[in-house]
Amino acid sequence: TDLIGFSSISSTKTSVDNEEINELNDVKMIAKENHIEGTLNGTAMRERAVPATQIGRFMGFGSLAVRMAMGVAVEKVSSTLSGTSKNSYISDDNAERLAEALCRMRGAALKLGQMLSLQDDNSLPPSLSKALERVKQAADYMPKRQLETQLTNELGPEW
């Protein structure tokens, strides 16, 4: 019930005070305004639907695992062919794949990525630190239509 940060609003509450009405009107106005795509610290912010079902979340994490495994395989083959030795698990490309998935999935996965980005720079590989910084600064945002649907489902049709 605390979808948008109004823990004081309860579905069993029968009366609403003026402050709560003003908060709801502010949220409604923001939801109805057009989203503005832009950049934050040089990183593009994108409008992208939040996976709303368990299957959608499973597919998001499953595809991340497959893409990262393929990235490791490609890195292993290329390092073997070139005769170099490097950590293929945390390559620049795999770090970027992880950041992309966390920005797309949002929720607890995004929060975990944001918390990891707060770690000391020396505790994480540079490529992973850079990707997690992007997760912290510019996660994707929910499309207007999905936002309005979610608010209507949570707060009722007259929110």
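If you're wondering where the values come from, they're calculated on a predicted model, not measured in any experiment.

J.: Sorry, what's going on with the overall build of the chain here?
T.: For the chain, the count of helices and strands is six helices and two strands. Walking the chain from its N terminus toward its C terminus, one meets helices and strands in the order α-β-β-α-α-α-α-α. Across the 159 residues of the chain, 29% fall into the buried class. A sequence separation of at least 24 residues applies to 71% of the contacts in the chain between residues at least 6 apart. For the chain, the computed accessible surface area is about 10,600 Å², with 57% contributed by carbon and sulfur atoms.

J.: Can you walk me through helix H2 (residues 54-82) in this structure?
T.: Given 3.6 residues per turn, any residue in an α-helix points the same way as the ones three and four places further on. The end-to-end C-alpha distance of H2, which contains 29 residues, comes to 42 Å, matching closely the 42 Å that a straight helix rising 1.5 Å per residue would cover. The complete set of buried residues in H2 reads Gly60, Leu64, Gly71, Val72, Glu75 and Ser79. On its buried side, H2 packs onto helix H3 (92-105). Where H2 terminates, the next one or two residues include Gly83, which has phi positive at roughly 80 degrees.

J.: Would you explain a nonpolar patch on the surface in this entry?
T.: Where nonpolar side chains cluster on the molecular surface, the patch consists of Ile55, Phe58 and Met59 and spans about 390 Å² of accessible area. Within the secondary structure layout, Met59 lies in helix H2. For Met59, a relative accessible area of 52% corresponds to the exposed category.

J.: What am I meant to see in the pattern of salt bridges here?
T.: Under the defined criterion, the tally for this structure stands at five salt bridges. Glu100 serves as the salt-bridge partner of Arg134, at 3.4 Å between the closest nitrogen and oxygen. On the criterion of sequence distance, the pair formed by Arg134 in helix H5 (residues 126-137) and Glu100 in helix H3 is long-range, its members being 34 residues apart. Linked by salt bridges that have partners in common, Arg48, Glu96, Glu100, Arg134 and Asp140 make up one network.

J.: Would you take a moment to explain the nonpolar core for this structure?
T.: Nonpolar side chains in soluble globular proteins generally cluster together in the buried interior. Counting residues in each nonpolar core, the largest one holds 13 residues, and the members touching the most others are Leu102, Leu128, Leu132 and Val135. Going through the elements one at a time, H3, helix H4 (107-117) and H5 are the ones with two or more residues in this core. Among the elements that make up this core, the one with the highest residue count is H3 (five residues). Here Val135 is in contact with Ala99, Leu102, Cys103, Leu110, Gly113 and Gln114, once residues within four sequence places are set aside.

J.: Looking at this structure, how should I read unusual backbone geometry?
T.: Keep in mind that most residues, glycine aside, have a negative phi and that most peptide bonds are trans. One non-glycine residue with positive phi stands out, namely Arg106, at about 55 degrees. Summarising the element assignment, Arg106 is placed in the loop between H3 and H4.

J.: How should the environment of Met105 be read in this particular structure?
T.: Within the secondary structure layout, Met105 lies in helix H3. Along the backbone, Met105 and Phe58 are 47 residues apart, and their C-alpha atoms lie at a distance of 10.0 Å. Discounting chain neighbours no more than four positions away, the residues touching Met105 are Val50, Pro51, Gly56, Arg57, Gly60 and Phe61.

J.: How should the environment of Gln119 be read in this particular structure?
T.: For Gln119, the position within the fold is in the loop between H4 and H5. Separated by 13 residues in sequence, Gln119 and Leu132 place their C-alpha atoms 9.9 Å apart.

So, how was this worked out
- Residues numbered from 1 in each chain as written.
- Predicted model: local features only at pLDDT ≥ 70, side-chain atom pairs only at ≥ 80, totals over all residues.
- Heavy atoms only, no water.
- Helix = DSSP H or I, 4+ residues; strand = E, 2+ residues; numbered from the N terminus.
- Buried < 20%, exposed > 50% of the residue type's maximum accessible area, 1.4 Å probe, protein only.
- Contact = heavy atoms within 4.5 Å.
- Areas by Shrake-Rupley, 256 points an atom, 1.4 Å probe, with all protein chains shown as cover.
- Expected span 1.5 Å × (residues − 1).
- Patch = residues over 30% accessible without salt bridge, like charges linked within 9 Å, V, L, I, M, F, W, Y side chains within 5 Å.
- Salt bridge = Lys/Arg side-chain N within 4 Å of Asp/Glu carboxyl O.
- Core = buried A, V, L, I, M, F, W, Y, C linked by side-chain atoms within 4.5 Å.

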